There are 2 protein chains.
Amino acid sequence: MALTQKLLDVSAGRVPAELVFKNANVINVFTREIRTADVAVQDGRIAGVGSYHGRTERDCTGLYLCPGFIDAHVHIESSLASPFEFARAVTASGTTTVIADPHEIVNVGGAQAMQYMLDAAQDLPLNVYLMLPSSVPATPFETNGADFTAQQLAPFLRDPRVLGLGEVMCFPDVVAARGDIMEKLALTQQADKHIDGHAPGLSGQALEAYAAAGVHTEHECTTFDEAAEKLRAGFAVLVREGSAAKNLSAIVNGLLESRLPSDRFLFCTDDKHLDDIARCGHIRWNVRQAVSLGMDAVTAICMASWNAAREYGLSDLGAVAAGYRADLVLLEDLRECAVQAVYKDGVPVETLFEGRSAAPVPDALLHSVHLADITERDLALAVSGKTHVIEMVPYQITTRHCIEEVPAENGFFKPDSVYTKLCVAERHGKNGNLAVCPLKGYGITNGAIATSVAHDSHNVIAAGDNDADLVLAMRRIREIGGGYVLVSAGRVLGEVPLRIGGLMSTEPWEEISQKASDVLSKAKEMGIPYPVDPFTSLSFLALPVIPELRLTDRGLFDVNTFSPVKD
Amino acid sequence: MALTQKLLDVSAGRVPAELVFKNANVINVFTREIRTADVAVQDGRIAGVGSYHGRTERDCTGLYLCPGFIDAHVHIESSLASPFEFARAVTASGTTTVIADPHEIVNVGGAQAMQYMLDAAQDLPLNVYLMLPSSVPATPFETNGADFTAQQLAPFLRDPRVLGLGEVMCFPDVVAARGDIMEKLALTQQADKHIDGHAPGLSGQALEAYAAAGVHTEHECTTFDEAAEKLRAGFAVLVREGSAAKNLSAIVNGLLESRLPSDRFLFCTDDKHLDDIARCGHIRWNVRQAVSLGMDAVTAICMASWNAAREYGLSDLGAVAAGYRADLVLLEDLRECAVQAVYKDGVPVETLFEGRSAAPVPDALLHSVHLADITERDLALAVSGKTHVIEMVPYQITTRHCIEEVPAENGFFKPDSVYTKLCVAERHGKNGNLAVCPLKGYGITNGAIATSVAHDSHNVIAAGDNDADLVLAMRRIREIGGGYVLVSAGRVLGEVPLRIGGLMSTEPWEEISQKASDVLSKAKEMGIPYPVDPFTSLSFLALPVIPELRLTDRGLFDVNTFSPVKD
């Protein structure tokens, strides 16, 4: 948006504005005051705050006007929606900017997937900035779709919508100053761009080394003490409240008690599902929760806007002030943070989606599930005596590593209502790897669930109590090009097609949400206990960076010793 | 400075550091705490804050360690020292970074002078960032040395040491959305760089228009109300305390009373003379003054460091934290802000100047005083009845426009101890313009002072009570290639040669300061009253943007009507 003469004419009061919010309680992020004023909008920007007239005027008496919300760290793929549909979903509750790390899709499609995300995010009625996934593949102990090396990443650093390097998960490598990550860090520093952190529990000198490497944000704090130490060491703290991890109350309560400055605390969701977005809103929910814990609403709104814009150098975002983009949220109140209307570039955001459609998806991403033809015989797991079992932990994505006897028939593991069969099948067309193990705590009976969403390599993972349904579920995943599939007694009960890289749907978000909800409730009826999310819990069972025991396409992986399990 | 393996080895405690500040009271700009810790330095960067050992250890028990100070807006030329000597002078009291606007020298030498400043500032033991002078020439009512157009300015925007567009003084043009400045603003916005403001007293809708144009800082606030309005409108407020303008107490007192957030308040000097720098220090003085008014020392130090680094996106400056440049100040106490030692990139700063010398100066800048041959006859000023007189205002650079009778002989103005003769002679070799008028309040007797420092066009300005000394003074300015010259009864009493563009000296700052002090005290003995600074007051008399009446090479200029005086 270029500087226009018209904008200054409106600012200076020489001509009426395109649109004026009259008599609003305006949140001022610079002074942290609320002052009643008119806000004039012209050519997508805020022309002025004061007393203005416009060709269109919206009476805002009694309402609060604040900057559009910013999600400082999100994986769009976790919503299962395409960037277009994600934008439609999150803007409704006031999020007008996201800083997204397309870590999932890049694990499937590499640089091509990175480019797709840039293309799909272009000119959306949502400002989408991207971070370059720094850890693809996440570990060398699994088969993913494509690498994303320093060399492949470098050209993207020149894109103005790329803010830097995404969450650097391999923090032990950084602290030890070893491996590919060093080159990626150096390239990003040379480009004077940002480096996001991901280092749960990192502390002391190891944390200092991580900071010395140029990492300046962290979204993995789960306690306030951790947040305070990281703040002291120079990290901006992204307070995360998503569908999976919920760290807001611990950090906000601690912040309020400590009286430390809040200006380097930001909000993020990391991963948030469509049903949660629909029910609670997106970043608006973080604001509301913080206020409910006793945080001053203006402080919470700053965390949701200006603090993030400032941290990431987004110079015309995050404030209701002349010259800033007219990304604005009208709130009915500050206690509930009830959103009445959302404007993007000065236009009601919902109208900006009308008559528009999502960007085309490259063919390779629409056909990314290259699964070998799996038969029941392939799933046979010979056991004798005690064997390794993954045990789920209620409400957590961590697991326990058990060694116990499992039910067997003719020397082969035979699942039941306690011991489920878990399979991971390589699906990138590289080697046809297939691994099987017993799983405890998932509880599915008379059927199977399979999905192509399996962090971070996104092979096909399936869990079931009989081989026939397991095979059917995985075959169906291949047929529909990825997604979630629920099967029982030889019949597909429901499915959520995720054709974009096997991770995101091409459908409207309402339909995705509806289908997911149907499958989830049907899955719940098949014996999966309440604390286990049938989709999410399954999708994390292949992630070899979260303790204790995981199954990748190469077999069982002991995260505590960070090495494959040897029998 | 690239990311090095050694740095992380030190951070993580695997090897001892190059240098450790042991047991210092460390100012943490992120939490605004003071905590006792060791600070390890390696390869010019801070490796870590905590418990460290080093090959060299400096015991800092009882001392305070804070980030090097940042002057957010300064004209190096006003010190009369070259960038090298300026660096030597200001680093001694803890300033390790300046954001300089070379507005004066660019008025003399255009793009070549801009390049000289970049070259002269390169690799100094002071981080010198530059802003591009936005208003050269300052007005069309005077003759300056060279223009600096949008087209000439554009290539410099690509230089990483150029942070953006310098103080936009032509704020009426911005508000009116007219003139060359619009193109300069647009170019700077396209480059995603910063735009500094300069709009004394601007308020209301005009201020909104100025903000809408993308201007985000202001250093001209003289009252806290003005500062608060500008802060609300989105401006960072640069609290100025220099040799000329002193706005610190008004703004800091107001800030303390208001309890508004301080995070967008920064410090600057704008113009500060060498004797003041030697006596009080540089930005250190702003900190000390703020503390003396009751400001918390950590807040004042943040204003002098982190706030400025953050505002201008200097991502590795302004904090004592791992990964930041080891630009550090050791303070003996917080009340007096007494500087014990200054480190630049981890090295005692004074040692970094040893064996080094200033960058070469382009020949054209060393020979910039192209003054016509002026004779006594040229200075004759015919008068009859009442005439226009510039009256000086004690302690101010504003003047009064008087119309009164002046002493005359044979129909020509004849100066005395009340009415001085003021001359401005074009010196850029363009047209040989010469203008003369009576001046009241300067009071020089039996002599004349001349200088090539005459804001903003830097023609030669001279004031005296007899034509012979006026001519001699101006001729001597030409002979020495610019500077300040004091003449009495046909004899040069003293001079300060300023060979670089007629504005800066090639000599060590101590010598410049000594010479200036000699000439000033001699000038004072010649009748110039106490409230008038013989040099500074004279140098501002040609500046046609400060009320009420000025003399340029084209004649008298009425600033109130913004037009030349017509008889």
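Structural notes, computed from the coordinates. Residue positions are given per chain, counting from 1 as you read along its sequence in written order. Chains carry letters and ligands carry numbers; both start at the beginning, A for chains and 1 for ligands, and go up in the order they are written. Where totals are concerned, whole chains, interfaces and linings use all residues; where local detail is concerned, this predicted model gives features only for residues with pLDDT of at least 70, and gives and counts side-chain atom pairs only at 80 or more. The basis for every side-chain value is the complete set of non-hydrogen atoms in the structure, without hydrogens or water.

1. Quick notes on empty space enclosed by the protein
Rolling a probe over the atoms, with the probe sized like a water molecule, indicates the empty space that remains.
Residues and elements named next belong to chain B.
Thinking step 1. The pocket and cavity definitions rest on a 1 Å grid over protein atoms only: a 1.4 Å probe that fits but cannot leave marks a cavity, an open set with protein on both sides within 12 Å along at least five of seven lines marks a pocket, and residues lining either have an atom within 4 Å of a point. Grid points are joined across faces, edges and corners, and a volume is the space filled by probe spheres set on the points. Counted under the stated rule, the structure contains 3 cavities of 30 Å³ or more.
Thinking step 2. Computed from the structure, the largest cavity encloses a volume of approximately 60 Å³.
Thinking step 3. Around the largest cavity, the lining residues are Pro67, Gly68, Ile70, Thr96, Thr97, Leu317, Gly318, Ala319, Arg325 and Asp327.
Thinking step 4. Classification used: nonpolar for Ala, Val, Leu, Ile, Met, Phe, Trp, Tyr, Cys and Pro, charged for Asp, Glu, Lys and Arg, polar for all others including Gly. Across the lining of the largest cavity, the residue classes break down as 4 nonpolar, 4 polar and 2 charged.

2. Some remarks on the side chain of Thr420(A)
Thinking step 1. Strands are runs of DSSP state E lasting at least 2 residues, helices are runs of H or I lasting at least 4, and numbering of each runs from the N terminus. When you line up the elements, Thr420(A) lands in strand E21 (residues 419–425).
Thinking step 2. The criterion used for residue contact is that any of the two residues' heavy atoms lie within 4.5 Å. Ignoring any residue separated from it by four or fewer positions in sequence, one finds Thr420(A) in contact with Phe413(A), Pro415(A), Cys437(A), Pro438(A), Leu439(A), Tyr442(A), Gly443(A), Ile444(A), Ala463(A) and Gly464(A).

3. Concerning the sheet that holds strand E22 (residues 434–440) of chain A
Residue and element names in this part refer to chain A.
Thinking step 1. Strand pairing follows a simple DSSP-based rule, namely that at least 2 bridges must link the two strands. Taking strand neighbours across the sheet as the criterion, the 8 strands line up as E18-E17-E22-E21-E24-E23-E25-E26 in an open arrangement whose pairing is mixed. Two strands close off the open sheet at either side, each with one partner strand: strand E18 (399–405) and strand E26 (491–497). The average undirected angle you get between the axes of adjacent strands in this sheet is 25°.
Thinking step 2. Where E21 meets E22, 7 bridges bridge the pair, whose relative direction is antiparallel. To define axes, lines are fitted to C-alpha atoms, for helices over the stretch in contact only, and angles between the resulting N-to-C directions are given on a 0 to 180 degree scale.

4. Digging into the packing of aromatic side chains
Thinking step 1. Side-chain rings of Phe, Tyr and Trp, where Trp is taken by its six-membered ring, are said to pair if the distance between their centres is within 6.5 Å; with planes under 30 degrees apart they count as stacked, over 60 as edge-to-face, and otherwise as tilted. Taken as a whole and assessed by the stated rule, the structure comprises 22 aromatic pairs over all chains.
Thinking step 2. Judged by centre distance (6.4 Å) and plane angle (75°), the ring pair of Phe171(A) and Tyr210(A) falls under edge-to-face. In this pair, Phe171(A) sits in helix H5 (residues 171–176) while Tyr210(A) sits in helix H7 (residues 204–212), placing the two residues 39 residues apart along the sequence.
Thinking step 3. Burial classification: accessible surface area is computed with a 1.4 Å probe over protein chains only, and a residue below 20% of its type maximum counts as buried, one above 50% as exposed, and the rest as partly exposed. We classify Phe171(A) as buried; its relative accessible area is 18%.
Thinking step 4. Seen in terms of ring centroids, Tyr210(B) and Phe235(B) are 6.0 Å apart; in terms of plane orientation they differ by 20°. Their pairing is stacked. With a gap of 25 residues between them, Tyr210(B) in helix H7 (residues 204–212) and Phe235(B) in the loop between helix H8 (224–232) and strand E12 (236–240) connect regions that are remote in the sequence. The two residues Tyr210(B) and Phe235(B) agree in class, both being buried.

5. Brief notes about the pairing of strand E24 (residues 460–464) of chain A
All names here are of chain A.
Thinking step 1. By the criterion of burial, E24 is predominantly enclosed, with 5 of the 5 residues buried.
Thinking step 2. Residues Val460, Ala462 and Gly464 line one face of E24 and the alternating positions Ile461 and Ala463 line the opposite face, and both faces are buried.
Thinking step 3. Of the strand pairs in this sheet, E21 and E24 are connected by 5 bridges, and their pairing is antiparallel. Bridge pairing in E24 places leucine 422 opposite alanine 463.
Thinking step 4. Inspection of the sheet shows strand E23 (residues 448–451) paired to E24 by 4 bridges, in the antiparallel sense. The partner of alanine 450 across the bridge, within E24, is alanine 462.

6. Some points on the sheet that holds strand E29 (residues 563–564) of chain A
Thinking step 1. Across the sheet, which stays open at both edges, the 3 strands sit in the order E27-E28-E29 (chain A) with antiparallel pairing between neighbours. Looking at the sheet topology across the chains shown, the edges are occupied by strand E27 (549–552) and E29 of chain A.

7. Digging into the pattern of salt bridges
A side chain with one charge may pair with a side chain of the opposite charge, provided their charged atoms come close.
Thinking step 1. When a carboxyl oxygen of Asp or Glu is within 4 Å of a side-chain nitrogen of Lys or Arg, the pair counts as a salt bridge. Applying the stated rule across the entire model yields 56 salt bridges over all chains.
Thinking step 2. With a closest N to O distance of 3.0 Å, Arg32(A) and Asp263(B) form a salt bridge. One end of the pair, Arg32(A), is in the loop between strand E1 (17–28) and strand E2 (33–42); the other, Asp263(B), is in the loop between helix H9 (248–258) and strand E13 (265–268), on a second chain.
Thinking step 3. Residue classification places Arg32(A) among the partly exposed residues on the basis of a relative accessible area of 30%.
Thinking step 4. Asp373(B) is the partner of Arg478(B) in a salt bridge, and the nearest nitrogen-oxygen pair spans 3.2 Å. In this pair, Arg478(B) sits in helix H15 (residues 467–480) while Asp373(B) sits in the loop between helix H14 (363–366) and strand E17 (386–392), placing the two residues 105 residues apart along the sequence.
Thinking step 5. Using a relative accessible area of 31% as the deciding quantity, one classes Arg478(B) as partly exposed.

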